[in-house]
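Summary of structural features
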Amino acid sequence: MRDLCTCPARHSGDYRDVRDHCTRYFLPYGWAYEEEGEHRSLILKGRCMCCGGEIWAAMPVPNCFQLGEIYYFLFQQLKTWRPYAMRGDPGEYPAANDRMAWYQLQDERSDLDWVLLLKKFLPAESHDIAMWFSGYQGRRSLFDEGGWPVGSVVRFKHECNTAAFPMGETGKIGYITIRPFQEMKVTSVSFQSGQNSYCGLAKMDNGRLCRLKAIPGDKLYSMDEWSALLPERLAQGSVFVERRDFEKPYPPEPAERLFALKRVSDTAKGVQAHCMAVSSYQALLKDMILQDVEKYRKQDLLPPDGTSGSVENLSGSKNQYTYRWTMSNEDGEYLCYTIESVPLLSEKIPLPEGGEI
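Notes on the structure follow. Note on numbering: residues in each chain are counted from 1, in written sequence order. Under the rules for a predicted model, residues below a pLDDT of 70 receive no local features and side-chain atom pairs below 80 are neither given nor counted, while totals for whole chains, interfaces and linings still include all residues. For the side-chain quantities, the full set of heavy atoms in the structure was used; hydrogens and water were omitted.

Considering the overall build of the chain
Helices and strands together make up the secondary structure of the chain, namely eight helices and 14 strands. Out of the 357 residues belonging to the chain, those deemed buried represent 43%. Residue contacts are defined here by distance: any two heavy atoms, one from each residue, within 4.5 Å place the two residues in contact. Pairs at least 24 apart in sequence give 56% of the contacts found in the chain among residues at least 6 apart. The Shrake-Rupley method, run with a 1.4 Å probe sphere, supplies the accessible areas, and residue values consider only the shown protein chains as cover. When the accessible area of the chain is evaluated, it comes to approximately 19100 Å², of which 50% is carbon and sulfur surface. Secondary structure elements are taken from DSSP: a helix is a run of H or I of four residues or more, a strand is a run of E of two residues or more, and numbering for both begins at the N terminus. Between buried and exposed lies partly exposed: a residue is buried under 20% and exposed over 50% of the maximum accessible area for its type, with that area taken using a 1.4 Å probe on protein chains only.

Here is the structure:
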């Protein structure tokens, strides 16, 4: 590894200075993956066009993922994570145009190229990655053809009777009447008799969860049908449409929006920035804030005589979601937690890069 960037802004301790410096001078040239104990990071390697030193941007990889989920997370970030993606005047932003040209080359890479890179990152898991990618291609093909992928919540078109298997009661088969617009969460998809056949979960009127098998695709609204029908039904105030058994968008999003939790503190120990977690659930990240504050309280690390408060921005779109919890005192010491959307493509990345930039 070459020498690190030595520019003063890179070591100022102020994240805004670091971000501004990287926006001006960060020029990426390659990808890497690192594991240190429980900490895993996707690394975008780059150099500083001001001093020639190394600048590495790090995307923390959450530890809560199961095997296939981590492959999907890394795959999506490789395809879409583009820190400081902007064009600008070469006099003010020397690296901006060359950086965008390099990002364009990344955007032109095929899915297979990214999978080969994943295998290079995780050589011991090459077979598992190949199996995951095979399933991913099948799901994408199904999605592109208008079928509902696994994990989607679908609606029935008409009332019908079908066999149901109550959860937790092996071998017991009953028959239930499905109401129009009732939801089913898809657990598997197959192709039978010239059409897609779905298995999934549904809630009976008594609230119990049951498994449904081999539901023909023509009994369910397709993506196009449901997208066209939903605004009309909502305008009519349909009780069936407004009833929700499962929380899921219509139609489903191929990739869920992620949110990053970062902690910045300025205390007697100096300024510190740390990316704590990345998750699809803001509520989980808020709970992590409360747990971390309690840990700070027990270790007597909170700003003395500090007052706390929180602000949540719900006025913008989901892509612009922010939540901020702060505690500060009159001496200027503070502890700040911020939850921000992780953009798939943006002009700047909101993460503190785990202190790695």
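From this point, things continue past the structure.
Quick word on the packing of aromatic side chains
Stacked, tilted and edge-to-face are the three classes assigned to paired rings of Phe, Tyr and Trp, where Trp is represented by its six-membered ring and a pair needs centres within 6.5 Å; plane angles under 30 degrees give stacked, over 60 edge-to-face, the rest tilted. Within the structure shown, the criterion is met by twelve aromatic pairs. Taking the centre distance of 5.9 Å and the plane angle of 75° together, the rings of Phe26 and Tyr84 count as edge-to-face. Here the residue Phe26 occupies a position in strand E1 (residues 26–36), and Tyr84 occupies one in the loop between helix H2 (67–80) and helix H3 (96–107), the gap between them amounting to 58 residues. Tyr84 carries the same exposure label as Phe26, and that label is buried. When the centroid spacing of 6.3 Å and the interplanar angle of 50° are considered together, the rings of Trp31 and Trp81 count as tilted. One end of the pair, Trp31, is in strand E1; the other, Trp81, is in the loop between H2 and H3, with 50 residues separating them in the sequence. In this pair, the class of Trp31 matches that of Trp81, namely buried. An aromatic cluster of three or more residues is present, and its members are Trp31, Trp81, Trp102, Tyr103 and Trp114. Sitting over a ring, as applied to charges here, requires NZ of Lys or CZ of Arg to be within 6 Å of the ring centre and within 35 degrees of the ring normal. Arg24 extends its terminal NZ or CZ atom over the ring of Tyr93, reaching a point 5.3 Å from the ring centre. Lying across the ring of Phe165, Lys213 places its NZ or CZ 4.6 Å from the centre.

Looking at the nonpolar core
One finds Trp31, Leu74 and Phe121 to be the most contacted residues of the largest nonpolar core, which totals 36 residues. Those elements that provide at least two residues to this core are helix H1 (15–25), E1, strand E2 (39–48), strand E3 (54–60), H2, H3, helix H4 (111–121) and helix H5 (126–144). Tallying contributions element by element places H2 first for this core, with six residues. Here, nonpolar core means buried Ala, Val, Leu, Ile, Met, Phe, Trp, Tyr and Cys residues that are tied together by side-chain atoms lying within 4.5 Å of each other. One finds Phe156, Leu212, Ile215 and Leu229 within the second-largest nonpolar core, a separate group that totals 21 residues.

Regarding the sheet that holds E3
Taking strand neighbours across the sheet as the criterion, the three strands line up as E1-E2-E3 in an open arrangement whose pairing is antiparallel. Two strands close off the open sheet at either side, each with one partner strand: E1 and E3. For this sheet, the mean inter-axis angle between neighbouring strands, taken without regard to orientation, is 25°. Angles run from 0 to 180 degrees between N-to-C directions of axes, and those axes are lines fitted to C-alpha atoms, restricted for helices to the stretch in contact. Contacting E1, E2 and E3, H1 crosses the sheet at an angle of about 125° to E1. Packed on one face of the sheet, H3 meets E1 and E2 and runs near 55° to E1. Should DSSP find at least two bridges between two strands, the strands are regarded as paired.

Section: the side chain of Asp292
As for its placement among the helices and strands, Asp292 is situated in helix H8 (residues 282–298). Apart from residues lying up to four places away in sequence, Asp292 is in contact with Arg263, Met276 and Tyr337.

Some points on the environment of Ala273
Along the polypeptide, Ala273 turns up in strand E11 (residues 270–279). Separated by 260 residues in sequence, Ala273 and Gly13 have C-alpha atoms that sit 8.3 Å apart.

Topic: the pattern of salt bridges
One side-chain nitrogen of Lys or Arg within 4 Å of one carboxyl oxygen of Asp or Glu is enough to make a salt bridge. Scanning the model with the defined rule gives nine salt bridges in all. The partner of Asp20 in a salt bridge is Arg24, with the nearest N and O atoms 3.0 Å apart. Taken together, the residues span about one helical turn, with Asp20 and Arg24 both in helix H1 at a distance of four residues. For Asp20, a relative accessible area of 35% corresponds to the partly exposed category. When its relative accessible area of 21% is taken as the criterion, Arg24 is described as partly exposed. The closest approach of N and O atoms between Arg263 and Asp292, which form a salt bridge, is 2.7 Å. Residue Arg263 is found in strand E10 (residues 258–267), and its partner Asp292 is found in helix H8; the two are separated by 29 residues along the sequence.

Description of the pairing of E3
Within E3, seven of the seven residues are buried, which leaves the element mostly enclosed by the surrounding structure. Taking every second residue as pointing to the same face, both faces of E3 are buried, with Glu54, Trp56, Ala58 and Pro60 on one and Ile55, Ala57 and Met59 on the other. Joining the antiparallel neighbours E2 and E3 is a turn of five residues, in which Gly52 adopts a positive phi near 85°.

The values are spatial; any link to function lies outside them.
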